[in-house]
Amino acid sequence: MKLIVFRSFVLVTCLGCLCSVFAGAQALATLSGRVTDSTGGVAAGATVTANDADTGVSRSAVTSEAGHYEIVAVPVGRYVVRATKQSFADGTRTGISVTAGQDAAVDIHMQAKTTDACASGREFAATDCALTWYGITLYGSYDVGVGWVSHGLPENGYNYEGASLVNRNGYQHRFLVAPNNLQQTGLGIRGKEEFLPGWSVVFNASTGINPQSGLLADASKTQIINNGLPRASYSYTIDGARAGQPFNDEIYGGISSTHFGTLTFGRQRALGTDLMLNYDPSNGGYAFSYIGYNGTMAGGGDTEDSRWDSTLKYRLTYGPAHFGATYKFADGNGGCYSASATWTAATCTPESAHNNAYGFDLGGEHGKLSADLVFQHYNQAISVLNPLLGPQSPTQSFQSTTNSINTNPITGVNLIDTNNTLYGIVTDNNGVIGAVKYTWDAFKFYGGYEYIWQNNPKDPLGVGASDQGGYILSGVEDNNLDSEKLLQIWWTGAKYTYRKKTDFTLAWYQQRQNDFRVPKTCSAEAGFRASCAGTLNEVSGYADHHFTKRFDAFAGVAHSYVSGGLAIAIPHGPGVPYLHNNNLAPTIGGRFAF
């Protein structure tokens, strides 16, 4: 009898234990969810901690590359769930109830921390604190160095670019002051002020300055000071969107939403420019990047179109994907046009500007890989190419000898005084750009490709039309192309960061152009016209050491060479050969950025 009682006691005890274990299993659950930032992008590598509000016991997990986390075997109870990550404010969810046998889904949003405002001059010099007052931040940079070029030209006070690119007119080796090597010297202000939860007013205004002279960056002025000079007297002459405007980089304002994206209006960088700065191994530095200082790629065919006036721009990030769109409204003056070969001011018809443009960007990130695809279309794109004819060079055939449209010369007095004016070629441009970037430990690898096609404009511009910065065209060509002009540009490179202080960068760029004259007039004996097919290559390498968050020093070299024709350097009218088809340019300098 005692044995039966004992066995019954053991059985009951075991059943009780099993019930307890089963009940305990039923009292556990799983916490999971996704952690995102304020733009909707994933927060990979964030630590998520679930803290029991009653017992104080906590359990943690780390988010995956897709931003997901999972905490298993969580006892029932009330929890506070917190996500933490460097450079982000903690994201917290309170009052989370975990019920027996029911998994809980808890998504968390985190806000990126804004850089703390500088509290002292010492902090400004030693850290990356921001010069911020009441939501408005002042920023800028000063970048200058010294260099040597194997085939170069004298500089002028308006030239804001490096001199490493092969130049059709470069004729002598020389030492020179090298401005804006890694970054355009300049100043800017930006701001973001929340007026409703999740909604903010944003603005930005920035300008480029030539560190040699203190003058505003003005590509058009480099043309004008060469007007009338013989080729042997040229200084560096360039084409670009920065044309002496008070804010020659950007000036815009708009609205930003944490869920619906950002919409801005004003003078803004083209989507191609944004892509170039993000995917260029040299980050657009003028001393070492062909696609940086030559804006053909960023502007979708013309350097001047790297920045668009009167433009709406929309950006949206959703999870790992992002989207962008731009639309430029027509602005400025279309000048006076006549299709007649023998036309005068009396037969010239005033034209309206049709220089509208649009573009789209689609891209995303997956772990350490990012990619973007951009399309851009620009009507009446202007390429300022030839300094105007002047009294010192009355017979120089490579300079502009026309003050007309369709290259038909005007007899008599010029309709537009050539003083302080420019000569331009007008085309309608399309461009498609694709680029990728991959990070592997201390390495970053880059690659990209662009295809550009240009045609004579559907709507012609006339003499007297306005250009960037309000400059006037006293000479215009609307039928420069006998056939479609095609450009292909690709690049690749890698960056290695040593001990978080020193970057080593290698890059290679190439551009190819087709023949667009009919019939072709291309030969080495003729010096290859700019309309002839050609290829340009540039290879560069440099080291950049950061002494502090704000100050770095760099040294490197770029080598560029061209074969065939190819519209590189100014001027390149009929029969103008390269004096030298290559250039070697070592550079050393420093940069202070804030």
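Details of the structure are given in the entry above.
Being a predicted model, the structure only gives us computed values, none of them experimental. (Residues numbered from 1 in each chain as written. Predicted model: local features only at pLDDT ≥ 70, side-chain atom pairs only at ≥ 80, totals over all residues. Heavy atoms only, no water.)

(A) Focus on the state of the cysteines. Within this structure, the stated rule accounts for 2 disulfides. There is a disulfide in this structure between Cys118 and Cys129, and the S-S distance comes to 2.0 Å. One disulfide, between Cys118 and Cys129, carries an S-S torsion of 95° and so falls in the right-handed class. Residue Cys118 is located in the loop between β8 (108–110) and α2 (121–126), and its partner Cys129 is located in the loop between α2 and β9 (131–133); the two are separated by 11 residues in the primary sequence. What makes Cys129 buried here is its relative accessible area of 5%. Paired by a disulfide, Cys336 and Cys348 hold their sulfur atoms 1.6 Å apart. Here Cys336 is found in strand β18 (residues 336–337), whereas its partner Cys348 is found in the loop between β18 and β19 (349–350), with 12 residues between them in sequence. There is no split in this pair, since Cys336 and Cys348 are both buried. (Disulfide = S-S within 2.5 Å. Helix = DSSP H or I, 4+ residues; strand = E, 2+ residues; numbered from the N terminus. Buried < 20%, exposed > 50% of the residue type's maximum accessible area, 1.4 Å probe, protein only.)

(B) How the structure looks around the nonpolar core. Formed by 25 residues in total, the largest nonpolar core has its most connected members in Leu275, Tyr290, Ile291, Met297, Trp491 and Leu536. It is helix α4 (residues 271–279) that contributes the most residues to this core, 4 residues altogether. Not counting chain neighbours up to four residues away, the residues in contact with Met297 comprise Gly272, Leu275, Met276, Ile291, Ile433, Glu450, Ile489 and Trp491. The next biggest cluster of nonpolar side chains, apart from the first, holds 21 residues, and it includes Val35, Ile71, Ala83 and Val106. (Core = buried A, V, L, I, M, F, W, Y, C linked by side-chain atoms within 4.5 Å. Contact = heavy atoms within 4.5 Å.)

(C) Structural view of empty space enclosed by the protein. All chains considered together, the criterion is met by 1 cavity of 30 Å³ or more. The calculated volume of the largest cavity comes to roughly 60 Å³. Along its surface, the largest cavity is lined by 13 residues, and Ala163, Ser164, Leu176, Ala178 and Thr587 are the ones closest to its centre. Of all the secondary-structure elements, those providing two or more residues to the lining of the largest cavity are β10 (136–152), β11 (172–179) and β29 (582–593). Residues belonging to the lining of the largest cavity are distributed by class as follows: 8 nonpolar, 5 polar and no charged. (1 Å grid on protein atoms, 1.4 Å probe; cavity = no way out; pocket = protein on both sides within 12 Å on 5 of 7 lines; lining within 4 Å. Points joined across faces, edges and corners; volume = space filled by probe spheres on them. Nonpolar A, V, L, I, M, F, W, Y, C, P; charged D, E, K, R; others polar.)

(D) Up close: the sheet that holds strand β6 (residues 91–98). Within the open sheet, the 4 strands sit side by side as β3-β2-β5-β6. Their pairing is antiparallel. In the strand order of this sheet, the two ends are held by β3 (58–62) and β6, each with one partner. Across this sheet, the average inter-strand angle for adjacent strands is 20°, counted without regard to direction. Pairing of strand β5 (residues 77–84) with β6, which is carried by 6 bridges, proceeds in the antiparallel orientation. (Pairing = 2+ DSSP bridges. Axes fitted to C-alpha atoms, helices over the stretch in contact; angles between N-to-C directions.)

(E) Highlighting unusual backbone geometry. The backbone of Ala73 sits at a positive phi, close to 55°, despite the residue not being glycine. Considering the arrangement of structural elements, one finds Ala73 in strand β4 (residues 68–75). The phi dihedral of Ser310 is positive, around 50°, even though this residue is not glycine. Structurally, Ser310 is set in strand β16 (residues 307–318). The class of Ser310 is partly exposed, set by a relative accessible area of 24%.

(F) Structural context of the environment of Val426. Mapped onto the elements of the fold, Val426 is located in strand β22 (residues 422–440). Taking the C-alpha atoms as reference points, Val426 and Asn379, separated by 47 residues in sequence, lie 8.8 Å from one another. When neighbours within four sequence positions are excluded, Val426 is seen to be in contact with Gln380, Ala381, Ile382, Pro457, Leu461, Val476, Glu477 and Asp478.

Interpretation note: all reported values are geometric properties and have no functional meaning in isolation.
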